[in-house]
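These are the residues of each chain, in order.
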Amino acid sequence: MRTAAPPRLDAAWQALHRWLGATLLPAQCALCGAGCPELLCPPCRAQYLAPGQGQARPRCRQCANPLAGIDVAQLCGRCLRQRPAYDATVTAFDYAPPVDQLLLQLKFGARLALAPLFAQLLHVAIQQQATWDAPQLLCPVPLGPARLAERGFNQALEIARPLARLLDVPLQPRLALRVRETRAQSGVAPQERQANLARAFAIAPEHGALLQGCHVGIVDDVMSSGHTVNALATACKSAGAARVSILAVARTPPH
């Protein structure tokens, strides 16, 4: 009698299947589906991802949420009331239709070729900052072992690799560890999200010395409530980091 494949092996086959499908399918625009030799056709790129669109309106310099005023040096009310552990945030665009589908294709469709595109867009957004203090190293938000085995890759790391080359900043992919498996934040009630991430991250003991007085850049695909990057920033500062900047491809606008 044929036995079922172990769960981890089955997850690995599913990840391979997604990767093959994303890699071998005929070239087409990732947004509109039109035949195109590149990831995005020129009309979609011009309409949705033109350079500077993510910075077209004022944002809070600490959390990158949109501001109603015009002073780009302002902080939003939330950051004024309770300052997060991180010091600044840069994002390329809002997490909203239709470009949110690009991030979903990377995260759940294993379309890894999108990661360098996101790094390029984030690099453009960084270059457009009026004042930019470059981090001394980059740290992608880590996945837990179970989530990594299920997905087969860490989307934050896939974005951080090309971004580190563009910024000429060292990448430390094993600097931080997710020491506690957590539920996906998207499936957690807003009032429970902070508790869900409590003590979820730790700095690898062998890399702790790197953080003394250091400016760390935390890389992630999407920043929603900010609890995930805040928990990681807290771990970095507890280990001696002097400054933490968040580099998130997309920012979910507040409801």
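For the structure itself, look to the data block above.
Bear in mind the structure is a predicted one, so any value in this text is a computation, not a measurement.

**Here we look at the overall build of the chain**
Counting its regular elements, the chain contains 9 helices and 6 strands. Going through the 255 residues of the chain one by one, you find that 46% of them count as buried. Intrachain contacts of the chain at a sequence separation of at least 6 include 72% that bridge at least 24 residues. When the accessible surface of the chain is totalled, it reaches about 13200 Å², and 56% of it is carbon and sulfur.

**Considering unusual backbone geometry**
With the exception of glycine, most residues fall at negative phi, and the peptide bonds are largely trans. Of note, the bond from proline 97 into proline 98 is cis; its omega dihedral lies within 30 degrees of zero at 0 degrees. Within the secondary structure, proline 98 sits in the loop between strand E1 (88-94) and helix H4 (100-109). At alanine 64, a residue that is not glycine, the phi angle is positive and equals roughly 70 degrees. Residue position: alanine 64 is located in the loop between helix H2 (42-48) and helix H3 (77-81). Unusually for a residue other than glycine, alanine 110 sits at a positive phi of about 55 degrees. Note on placement: alanine 110 falls in the loop between H4 and helix H5 (114-127).

**Some points on the sheet that holds strand E5 (residues 215-223)**
The strand order E1-E6-E5-E2 describes an open sheet built from 4 strands, whose pairing is parallel. Either end of the sheet is taken by a strand with one partner, and the two such strands are E1 and strand E2 (137-140). Within this sheet the neighbouring strands show an average axis-to-axis angle of 20 degrees, counted without direction. Sheet topology note: the E5/strand E6 (residues 243-251) ladder contains 8 bridges and is parallel. Bridge pairing in E6 links isoleucine 218 to isoleucine 246.

**What about the side chain of threonine 89?**
Note on placement: threonine 89 falls in strand E1. Given a relative accessible area of 6%, threonine 89 falls into the buried group. Polar side-chain contacts of threonine 89 include one of 2.6 Å to the backbone oxygen of glutamine 62. Contact partners of threonine 89, with chain neighbours within four places excluded, come to Arg61, Gln62, Cys63, Ala64, Met223 and Ile246.

**A few points about helix H9 (residues 227-238)**
Here H9 is 12 residues long and its end C-alpha atoms lie 16 Å apart, about the 16 Å a rise of 1.5 Å per residue gives. Among the residues of H9, those classed as buried are His227, Thr228, Val229, Ala231, Leu232, Ala233, Ala235 and Cys236. Following H9 by one or two positions, glycine 240 adopts a phi angle in the positive range, close to 115 degrees.

Each value, and the rule that gives it
Residues numbered from 1 in each chain as written. Predicted model: local features only at pLDDT ≥ 70, side-chain atom pairs only at ≥ 80, totals over all residues. Heavy atoms only, no water. Helix = DSSP H or I, 4+ residues; strand = E, 2+ residues; numbered from the N terminus. Buried < 20%, exposed > 50% of the residue type's maximum accessible area, 1.4 Å probe, protein only. Contact = heavy atoms within 4.5 Å. Areas by Shrake-Rupley, 256 points an atom, 1.4 Å probe, with all protein chains shown as cover. Pairing = 2+ DSSP bridges. Axes fitted to C-alpha atoms, helices over the stretch in contact; angles between N-to-C directions. Polar contact = N/O pair within 3.5 Å; in protein donor to acceptor, adjacent residues only side chain to side chain. Expected span 1.5 Å × (residues − 1).

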